[in-house]
Amino acid sequence: MSTTTSKAETDERLAEARRLRLERLLQCTARDYHLHFAFSDGDRLGRGRILSKAEAPAQGSILPLKANALRLLGHLKAESTDVLRQAREEEQQDHPGFAALWHALENARIENRMVERWPGMRTIFASRLLPNLGGSLVRVMRWSDQLRLGLYLEGRGYHGAQYVERVRQVLETVADDIRQGAGAEGAPAALEAMRRIYPALIP
């Protein structure tokens, strides 16, 4: 047996062990022992099923994998399918990027609600953050990406990322609405907050 084949088999076993571990975590958190979890090439939710994007699930720390799985569980439990549909409809009404911006705010809201209930998840979700909130790399991102990142980080209470000046100013202008949306109990309230925020982002 070649070394390459042996490593592939080892990675496959480790990936499956991690999948089972995360599946049990999600089942216990949701109190739904029929919930199925798997790694995939993209994040997707279905009835009783969570697929989490992971290019190499056997490699690196398990914490970022756990953070994404728990966030997806939050989306599943939030039952925000109708709100997502409304956000997409709004985007089609000459509001480019609206759905993705709302989704960034909704990610922050979901994580905040989960951390409020399970404080230990704060460290898990923080594992997905770039060191120093992305440092100077943030400034070379597209404005739309900076805005999405800013909605999420500000919504989660992480301040001080190095946005370009215009983005920083806009985020400061809508800071109250970001806090309200990210601290809301439900997805509809986050959508309403995004509707208030969006006009300030257009320029």
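Report follows, based on the coordinates.

Reading the values: the criteria
Residues numbered from 1 in each chain as written. Predicted model: local features only at pLDDT ≥ 70, side-chain atom pairs only at ≥ 80, totals over all residues. Heavy atoms only, no water. Helix = DSSP H or I, 4+ residues; strand = E, 2+ residues; numbered from the N terminus. Rg over C-alpha atoms; globule rule 2.2 N^0.38 Å. Buried < 20%, exposed > 50% of the residue type's maximum accessible area, 1.4 Å probe, protein only. Contact = heavy atoms within 4.5 Å. Areas by Shrake-Rupley, 256 points an atom, 1.4 Å probe, with all protein chains shown as cover. Lys, Arg positive; Asp, Glu negative; His and termini not counted. Charge placed at Lys NZ, Arg CZ, Asp CG, Glu CD. Core = buried A, V, L, I, M, F, W, Y, C linked by side-chain atoms within 4.5 Å. Salt bridge = Lys/Arg side-chain N within 4 Å of Asp/Glu carboxyl O. Axes fitted to C-alpha atoms, helices over the stretch in contact; angles between N-to-C directions. Left-handed = near helix turned anticlockwise from the far one by under 90°. Nonpolar A, V, L, I, M, F, W, Y, C, P; charged D, E, K, R; others polar. Pairing = 2+ DSSP bridges. Phe/Tyr/Trp six-rings, centres within 6.5 Å; stacked < 30°, edge-to-face > 60°. Expected span 1.5 Å × (residues − 1). Bend = angle between axes of the 7 residues up to and from the residue.

**Digging into the overall build of the protein chain**
Along the protein chain, the regular secondary structure elements total nine helices and three strands. Element order for the protein chain, N to C, with α for helix and β for strand: α-β-β-β-α-α-α-α-α-α-α-α. Over its C-alpha trace the protein chain gives a radius of gyration of 18 Å, about what one expects of a compact globule, namely 17 Å for 203 residues. Taking the principal axes of its C-alpha atoms as reference, the protein chain extends roughly 60 × 35 × 35 Å. When the 203 residues of the protein chain are sorted by exposure, 45% land in the buried category. A separation of at least 24 residues holds for 60% of the contacts in the protein chain among residues at least 6 apart in sequence. Roughly 11500 Å² of accessible area belongs to the protein chain as shown, and the carbon and sulfur atoms make up 51% of that amount. Positive and negative charge centroids in the protein chain, built from 30 and 26 side chains respectively, lie 4 Å apart.

**Side note on the environment of Ala30**
With respect to the element layout, Ala30 can be found in helix H1 (residues 3-30). Expressed as a C-alpha distance, the spacing of Ala30 and Leu76, which sit 46 residues apart in the sequence, is 9.8 Å.

**So, the nonpolar core**
One finds Trp102, Met194 and Ile197 to be the most contacted residues of the largest nonpolar core, which totals 33 residues. Elements represented by at least two residues in this core include exactly helix H3 (81-92), helix H4 (98-117), helix H6 (143-156), helix H7 (165-173), helix H8 (175-182) and helix H9 (187-201). The dominant element in this core, judged by the number of residues it contributes, is H9, at eight residues. Sequence-distant contacts of Ile197, defined by excluding residues within four places in its chain, comprise Leu105, Leu151, Val174, Asp177 and Ile178.

**Re the environment of Leu133**
One can find Leu133 in the loop between helix H5 (121-126) and H6. Through-space distance from the C-alpha of Leu133 to that of Gly97 is 23 Å; in sequence the pair is 36 residues apart. The residues touching Leu133, leaving out its near neighbours within four places in the chain, are Val138, Leu153, Tyr158, His159, Gly160 and Ala161.

**Observations regarding the pattern of salt bridges**
The tally for this structure, following the rule as stated, stands at 16 salt bridges. Several salt bridges share partner residues, and in doing so they unite Glu16, Arg19 and Glu23 into one network.

**Re the packing of H6 against H7**
Running from amino to carboxyl end, H6 crosses H7 at an angle of 35°, the nearest separation of the two axes being 10 Å. Crossing handedness for the pair H6 and H7: right-handed. Residues Trp143, Gln146, Leu147, Gly150 and Leu151 of H6 lie in contact with H7, whose contacting residues are Arg166, Val167 and Leu171. Per-class residue counts for the contact of H6 with H7 are five nonpolar, two polar and one charged.

**Observations regarding the sheet that holds strand S3 (residues 49-53)**
Read from one edge to the other, the open sheet built from three strands follows the order S1-S3-S2, with strand pairing classed as mixed. Each end of this open sheet is capped by a strand with a single partner; those strands are strand S1 (36-40) and strand S2 (44-46). The sheet shows a mean angle of 15° between the axes of neighbouring strands, taken without regard to direction. For S2 and S3, the ladder comprises three bridges, and the chain directions are antiparallel. Bridge pairing in S3 places Leu45 opposite Ile50. Packed on one face of the sheet, helix H2 (residues 63-78) meets S1, S2 and S3 and runs near 140° to S3.

**Section: the packing of aromatic side chains**
Applying the stated rule across the entire model yields two aromatic pairs. Measuring from centroid to centroid gives 5.4 Å for Phe37 and Phe39, while their planes differ by 80°, and the two rings are edge-to-face. Overall, Phe37 belongs to the buried group, its relative accessible area being 0%.

**A closer look at H9**
Taking 1.5 Å per residue, 15 residues should reach 21 Å; H9 reaches 20 Å between its end C-alpha atoms and fits that length. Remark: the principal bend of H9, roughly 30°, maps to Arg195, with a proline, Pro199, within the next four residues. Among the residues making up H9, those that are buried are Ala187, Ala190, Leu191, Ala193, Met194, Ile197, Tyr198 and Leu201. Summarising the contacts, the buried residues of H9 are in contact with H3, H4, H6, H7 and H8.

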